[in-house]
Amino acid sequence: MNKKITLIVLGSLFAIVALLAVLLYLKGPFVGFPGSRTADGSRAVSDGGVKIAGWYGEVDAAEERAGMSIRDAKLSQEGDSLHATTGPAATYWMNGANASGDYTVKATFHEPKYMNLNTHPHPYGVFIGGNDMGTPGQTDLYCAAYGNGKFIVRGFGPAPFKMNGFLGDANNAVHKAAGQGQPVSQDVALSVKGSKVECSINGTVVASYDKALLVTGGKLKSTDGTYGLRFAHNTDVMVTGLTMTKN
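Residues numbered from 1 in each chain as written. Predicted model: local features only at pLDDT ≥ 70, side-chain atom pairs only at ≥ 80, totals over all residues. Heavy atoms only, no water.

Core analysis: the biggest nonpolar cluster contains 49 residues, and Phe109, Val126, Ile128, Leu141, Val153, Leu229 and Phe231 have the highest contact counts within it. Trp93, Phe127, Tyr142 and Ile152 belong to the second-largest nonpolar core, a separate cluster that totals eight residues. (Core = buried A, V, L, I, M, F, W, Y, C linked by side-chain atoms within 4.5 Å. Buried < 20%, exposed > 50% of the residue type's maximum accessible area, 1.4 Å probe, protein only.)

Written out as structure tokens, the structure is:
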């Protein structure tokens with residue numbers, strides 16, 4: 001009898017755990033993951049969308065699976081600056097913004113109030129090598145800085161891939177905000193130079209990779225392609241000086 005009761009209890013517990021798992025799956029990604037609706041998960045921006053003629057945007061596939069779209073983030077023009085407010089993690093690019101051969105793409109990112117929309121640092125930067133933009137097969141490479149002195153180099157091939165680990169790397173060249181709510185700025189650049197691809201932040205090369213490690217199966221189709229801006233979820237950033245120059 002005791003064995004039968006034990007089996008009934010264990011079966012009931014298993015059923016409860018299974019039900020909770022199904023409910024969590026239906027609700028969306030876990031807390032803090034792209035697309036999640038609570039804690040530091042992606043929050044929809046009011047009056048969102050791409051507000052600048054000639055610009056386009058796309059959210060990450062994980063955000064899209066969670067029911068979010070580019071209308072849940074916002075890109076607008078404010079004077080000489082682009083103002084990006086996310087929302088879901090997003091990639092933005094201009095119509096006709098393409099680069100090939102050896103080149104450098106750079107921009108200046110200003111976070112007026114560090115961690116204004118989040119509970120921990122979130123990054124922003126530039127991307128290159130964009131192909132099949134706005135489709136499920138989109139591929140690109142981005143370098144992005146955090147306001148705490150760290151940076152990441154990642155991309156989509158089209159599945160996400162990481163070039164400098166899960167947590168990224170710290171580098172003294174990356175500026176640190178004095179504290180939450182304080183301003184911090186970063187100059188971020190990606191360069192293609194012969195057989196190398198380099199990320200520079202505030203004038204210092206913080207990462208360098210052989211092109212052969214990037215243009216391969218599951219990563220980039222080419223370093224030639226669209227360039228533009230990359231933002232993690234829940235960021236509030238002003239951008240100036242987005243340019244592409246030939247090396």
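From this point, the discussion proceeds with the structure in view.
Right, let's talk about the sheet that holds strand 16 (residues 235-246) for a bit. As summarised here, the arrangement of the eight strands in space is 1-3-4-16-6-12-13-14, forming an open sheet in which the pairing is mixed. In this open sheet, the two strands that pair with only one neighbour each are strand 1 (49-50) and strand 14 (204-210). Pairing of strand 1 with strand 3 (residues 73-78) involves two bridges; the strand directions are parallel. If you follow Gly49 over to strand 3, its bridge partner there is Lys74. (Pairing = 2+ DSSP bridges. Helix = DSSP H or I, 4+ residues; strand = E, 2+ residues; numbered from the N terminus.)

If you walk through the whole model with that rule in mind, you get five aromatic pairs. A ring pair is formed by Tyr92 and Phe231, whose centres lie 6.1 Å apart and whose planes are at 65°; its orientation type is edge-to-face. Within this pair, whereas Tyr92 is found in strand 5 (residues 90-99), its partner Phe231 is found in strand 15 (residues 225-231), the two being separated by 139 residues in sequence. Accessibility classification places Tyr92 together with Phe231 in one group, the buried group. Taken together, Tyr92, Phe109, Tyr124 and Phe231 form an aromatic cluster joined through their ring pairs. Taking the ring centre of Tyr142 as reference, the NZ or CZ of Arg230 above it sits at 4.6 Å. (Phe/Tyr/Trp six-rings, centres within 6.5 Å; stacked < 30°, edge-to-face > 60°. Lys NZ or Arg CZ within 6 Å of the ring centre and 35° of its normal.)

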